[in-house]
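# Understanding the architecture of this molecule
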Amino acid sequence: MIHPRLVFAAPVFSCVLLIAACTAPTARTARETAPQSKAITLLAFGDGGYHYDHLAKKDYEKVVTEEQFMAKERKDWLEERRPPQEFDHPPMYQLPGNGSVIAATGQMPTARAMKSYCVQHSCDFGVMLGDNIYPDGAMADADDAKRFRDVFTTPYGSLVAGRDSFRIYGVLGNHDWHTSRDGALAQVRFLETTPPFFMDGLFYRVVPAAAHGEVEIFALDTQMLLAATKTPAAVLAEDASEAPTDDLEYFEPWAAPQNETERNMVQWLEASLASSKARWKIVVGHHPLWSTAGSKFQQAKSLRRLILPALCRYADLYLAGHEHTLEVHTDGCTEALPGSDVTPLPQVVSGSASKMRPTNSAFIRQQLKAHPELRTLYARGLTWGFAHLTFEGERATVRLIETPRDGSGTAQVTHEHSFTRRSSSGLESTP
């Protein structure tokens, strides 16, 4: 029986990504073709802002017993069309005040695991993939000082000690937008002005100093992109396949684009990728293009329509959070660029830095059946963890690293996969 926390053993989940040669290579700069001087390492983590001092009212106003907590977990499991025999649940935490039982946070254990892993294996820079503050983002008030200290400075401010060039490049997620535009921008301002964190507006491009020109990051606000769409709610049929619905996802109106610059984010992304001279072109955003829990697939569809053509033409990798899991996928780009012949685009989901969510084995099978362009190489839920990537020459290796539920903060590599730089062959190929 397949367990939702374990690697899938079916052939599609253990397959090796095969990199095909592209038929029409484009001209490349000297930097792109010259040998890379040293390996470059990147730490990727998302959804790390779940802290006991900043809970939703529903978590502490009504006392929940352990039995009630477990009953709700079972109810949600079945309503979300997960196979009942695979049931599992996140670790529990009892609030010291009223004794109410809630899901435990993995924020500090994951931070300790990242810090120890970076000591042993090097981390040149990091990316923080959104939902940095739970449940409702910054408030743009005096309480933000403690909020920022609890969710940013304390867990992540000293991840890599003694390296002045180390930066954590951030993006916002849907929870970061929940309060107001002022609240979202208050978080941006903090990250812009407080090393080692870095932002340069809501979306931006940056060549990390630690990467010596070899890597360029293109950071998106995917909540803003989705807020301008009419995206259906994610509904599953009894067999966990996608079901039609007239209901729409709700996006806060203040997250929608407010000016021409914001409305042109997709065009900016494509032009920025096309003009980049970096060897590795990495796009980061909060929402994934593909994921396996079964509750985000309509958002992913909308996002693929918006950005996947540009990614398939120019990018080497997409990194995302939002789904509280650890996953590796590739997209063959056949839907984004019909008739083209390009190398599949890798995507890494690393959204379990403080919260965890189960995958859905029934939904995974249905999703793969419905989307032949998708390959799911790894999917693991109900775990805390992060991703570490090494870029060396024309190859990158992604390692997914977990830390146990006991809160010890130890780090264990549970998946490793290597792929070839897509832009090494030119990506605008023809049929």
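Note that the structure is predicted; figures quoted are calculated from it, not measured. (Residues numbered from 1 in each chain as written. Predicted model: local features only at pLDDT ≥ 70, side-chain atom pairs only at ≥ 80, totals over all residues. Heavy atoms only, no water.)

This next bit is on the overall build of the chain. Along the chain, the regular secondary structure elements total eleven helices and 16 strands. Buried positions account for 58% of the 431 residues belonging to the chain. Across the chain, every contact between residues at least 6 apart in sequence was considered, and the portion connecting residues at least 24 apart equals 79%. Here the chain displays about 17000 Å² of accessible surface, and carbon together with sulfur accounts for 53% of that area. (Helix = DSSP H or I, 4+ residues; strand = E, 2+ residues; numbered from the N terminus. Buried < 20%, exposed > 50% of the residue type's maximum accessible area, 1.4 Å probe, protein only. Contact = heavy atoms within 4.5 Å. Areas by Shrake-Rupley, 256 points an atom, 1.4 Å probe, with all protein chains shown as cover.)

Our focus in this paragraph is the packing of aromatic side chains. Within the structure shown, the criterion is met by 17 aromatic pairs. Geometrically, the ring pair formed by F152 and F190 is stacked, given 5.6 Å between the ring centres and 25° between the ring planes. Note that F152 is positioned in helix α5 (residues 144–156) and F190 in helix α6 (residues 181–193), a separation of 38 residues in sequence. Judged by relative accessible area, F190 falls into the buried class, the value being 17%. Members of the aromatic cluster, each reached through a chain of ring pairs, are F125, Y169, F198 and Y204. For R82, the ring lying beneath its charged end belongs to W77, and the centroid distance is 5.5 Å. When the ring centre of W290 is taken as origin, the NZ or CZ atom of R304, which lies over that ring, is 3.6 Å away. (Phe/Tyr/Trp six-rings, centres within 6.5 Å; stacked < 30°, edge-to-face > 60°. Lys NZ or Arg CZ within 6 Å of the ring centre and 35° of its normal.)

Bringing unusual backbone geometry into the picture now. Of note, the bond from Y134 into P135 is cis; its omega dihedral lies within 30 degrees of zero at -10°. Secondary-structure assignment places P135 in the loop between β4 (125–128) and α5. In the segment running from P195 into P196, the intervening peptide bond is cis, with an omega of 10°. With a phi angle near 55°, A140 is a residue other than glycine that sits in the positive phi range. Relative to the elements of secondary structure, A140 occurs in the loop between β4 and α5. Judged by its relative accessible area of 41%, A140 falls in the partly exposed class.

So, about the state of the cysteines. Summed over the entire model, instances satisfying the criterion amount to two disulfides. Disulfide pairing is shown between C118 and C123; the S-S distance is 2.0 Å. Taking the sign of the torsion about the S-S bond as the criterion, the disulfide between C118 and C123, at about -85°, is left-handed. Described in terms of the sequence order of its bonded cysteines, the disulfide pattern of the chain is 1-2, 3-4. (Disulfide = S-S within 2.5 Å.)

Take the pairing of strand β11 (residues 326–331) next. Among the six residues of β11, six are classified as buried, and the element is accordingly described as predominantly covered. Residues L326, V328 and T330 of β11 are buried on one face, and the alternating residues E327, H329 and D331, pointing to the opposite face, are buried as well. With six bridges joining them, β11 and strand β12 (residues 345–350) adopt antiparallel strand pairing. Bridge assignment links T330 to a residue of β12, and that residue is P346. (Pairing = 2+ DSSP bridges.)

The strand order across the open sheet built from seven strands is β6-β5-β4-β1-β14-β15-β16, with neighbouring strands paired in mixed fashion. Two strands in the sheet have a free side with no partner beyond their single neighbour: β6 (197–198) and β16 (412–420). Of the strand pairs in this sheet, strand β15 (residues 395–403) and β16 are connected by eight bridges, and their pairing is antiparallel. Each bridged residue has a counterpart across the sheet, and for L400 the counterpart in β16 is H415.

With respect to the helices and strands, the residue N132 is situated in the loop between β4 and α5. Given the relative accessible area of 3%, N132 is considered buried. In contact with N132, other than residues within four places in its own chain, are G48, G49, V151, F152, V171, L172, D176, Q187 and L191.

Take the sheet that holds strand β8 (residues 215–219) next. A sheet is described by the order of its strands in space; here seven strands give the open sequence β7-β8-β9-β10-β12-β11-β13, paired in mixed fashion. Of all the strands in the sheet, just β7 (204–206) and β13 (374–380) have a single pairing partner and so form its edges. For this sheet, the mean angle separating the axes of adjacent strands, direction not counted, is 15°. Packed on one face of the sheet, helix α10 (residues 297–314) meets β9 (280–284), β10 (317–320), β11 and β12 and runs near 140° to β10. (Axes fitted to C-alpha atoms, helices over the stretch in contact; angles between N-to-C directions.)

Here we take up the pattern of salt bridges. Counted by the stated rule, this structure contains 22 salt bridges. Salt-bridge contacts for D76 lead to K72; the nearest nitrogen and oxygen are separated by 2.7 Å. Taken as a pair, D76 and K72 lie in helix α3 (residues 66–79) at a separation of four residues, close to a single helical turn. Note that R357 is salt-bridged to E323, the shortest N-O span being 2.7 Å. One end of the pair, R357, is in the loop between β12 and α11 (361–370); the other, E323, is in the loop between β10 and β11, with 34 residues separating them in the sequence. In this pair, the class of R357 matches that of E323, namely buried. Three or more residues joined by partner-sharing salt bridges are found here, namely E214, R279, E394 and R421. (Salt bridge = Lys/Arg side-chain N within 4 Å of Asp/Glu carboxyl O.)

This part takes up α11. Counting buried residues in α11 gives seven out of ten residues, a clear majority hidden from the surface. If you check which residues of α11 are buried, you get S361, A362, F363, I364, Q366, Q367 and L368. The N-terminus of α11 is capped by N360, whose side-chain oxygen sits 3.1 Å from the backbone nitrogen of A362. (Polar contact = N/O pair within 3.5 Å; in protein donor to acceptor, adjacent residues only side chain to side chain.)

Any link to function would need more than the numbers given here.
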